[in-house]
Amino acid sequence: MNKKIVILLVSILVTFNIAVVPASAATDRQNYAGEQLHILGLLKGYTDGTLALDNNIKRAEVTALLVRALGYSHKEVPGEGKQFSDVKSDYWAVPDIQKAYKLKLIVGDTGGTFRPLDNISYAEVVTILVNALGKNDNLEGEWPANYIKRAKEIGIISEENNGDIRRKVTRGEVSVLIWDTILINLNT
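Everything numeric in this text was worked out from a predicted model, so none of it was measured.

### Structural notes on the confidence of the model for the protein chain
Averaged over every residue, the pLDDT of the protein chain is 87; the share at 70 or more is 86%. Considering only residues more than four positions removed or in separate chains, one finds that residues 1–24, a stretch of pLDDT under 50, has four contacts.

Structure below.
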């Protein structure tokens, strides 16, 4: 009888612990930034109702997010687009990818590809943000160090930020970068 009670108690505790495990490993800062971007209609959630801030973010998702943040989601952007060989014409992000290209936020790869489903790196996100702010003139040095340096100069990232710039980033990390960029842009 005692063994059954112990098993029942352990089962209840295990069930309770599973139920209280947070759905997101995102930090408080990431959750705040993600919610702010979501409220503004910039960061879209998934069909399950979550923002999935602890998931890696795709290159196409960042592109669409930045086009929305700049106010171009429902506007035409003049200029000539580019047909990326790995982006099908019916892909959901084609309009945003084309707008981002015309706005000179992105250039794609040297092989004519965009890799929309690839996870994006920290350096790539910072590059797009520097481009979005139009602060990419007279850059000195090699990519991505030159963009990281400029991002530090204009305050998108802190001077102390010396982490792995080639690592893939999460939706929460991108939310913080974009939210901080919006705040910096408002204060300048």
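### A word on the nonpolar core
V62, I97, I106, V125, I157 and V174 are the most contacted members of the largest nonpolar core, which has 41 residues in total. Contributions of two or more residues to this core are made by α2 (28–39), α3 (59–69), α4 (94–102), α5 (122–132), α6 (145–154) and α7 (171–186). If one sorts the elements of this core by residue count, α5 sits on top with six residues. Among all residues touching V125, those that are not within four sequence positions of it are V62, I120, V169, V174 and L177.

### Quick look at α6
All buried positions along α6 are accounted for by N146, Y147, I148, R150, A151 and K152. Looking at the buried side of α6, the elements it contacts are α5. Downstream of α6 by one or two residues, G155 has phi in the positive range, about 90 degrees.

### Examining the environment of Q98
If you trace the backbone, Q98 turns up in helix α4. Considered as a pair, Q98 and V67 are 31 residues apart in the sequence and their alpha carbons are 9.9 Å apart. What Q98 contacts, discounting residues up to four positions off in sequence, is G81, K82, Q83 and F84.

### Looking at the packing of aromatic side chains
Evaluated as defined, the whole model comprises four aromatic pairs. Their ring planes at 45 degrees and their centres at 5.5 Å tell us that F84 and F114 sit as a pair that is tilted. Separated by 30 residues along the polypeptide, F84 in the loop between α3 and α4 and F114 in the loop between α4 and α5 bring together distant segments of the chain. Between the aromatic rings of Y91 and W92, the centroid separation amounts to 5.7 Å while the plane-to-plane angle is 50 degrees, which identifies the pairing as tilted. Chaining the aromatic ring pairs together yields one cluster made of F84, Y101 and F114. Over the face of the ring belonging to Y72 we find K75, whose NZ or CZ atom lies 5.8 Å from the ring centre.

### Here we look at the layout of surface pockets
What the largest pocket holds in volume is close to 370 Å³. Lining of the largest pocket is provided by 19 residues; of these, L105, I106, V107, G108 and T127 occupy positions nearest its centre. Where the lining of the largest pocket is concerned, the elements lending two or more residues are α3 and α5. The element that contributes the greatest number of residues to the lining of the largest pocket is α5, accounting for four residues. Tallied by class, residues from the lining of the largest pocket come to nine nonpolar, five polar and five charged.

Criteria and cut-off values
Residues numbered from 1 in each chain as written. Predicted model: local features only at pLDDT ≥ 70, side-chain atom pairs only at ≥ 80, totals over all residues. Heavy atoms only, no water. pLDDT = per-residue confidence, 0-100. Contact = heavy atoms within 4.5 Å. Core = buried A, V, L, I, M, F, W, Y, C linked by side-chain atoms within 4.5 Å. Buried < 20%, exposed > 50% of the residue type's maximum accessible area, 1.4 Å probe, protein only. Helix = DSSP H or I, 4+ residues; strand = E, 2+ residues; numbered from the N terminus. Phe/Tyr/Trp six-rings, centres within 6.5 Å; stacked < 30°, edge-to-face > 60°. Lys NZ or Arg CZ within 6 Å of the ring centre and 35° of its normal. 1 Å grid on protein atoms, 1.4 Å probe; cavity = no way out; pocket = protein on both sides within 12 Å on 5 of 7 lines; lining within 4 Å. Points joined across faces, edges and corners; volume = space filled by probe spheres on them. Nonpolar A, V, L, I, M, F, W, Y, C, P; charged D, E, K, R; others polar.

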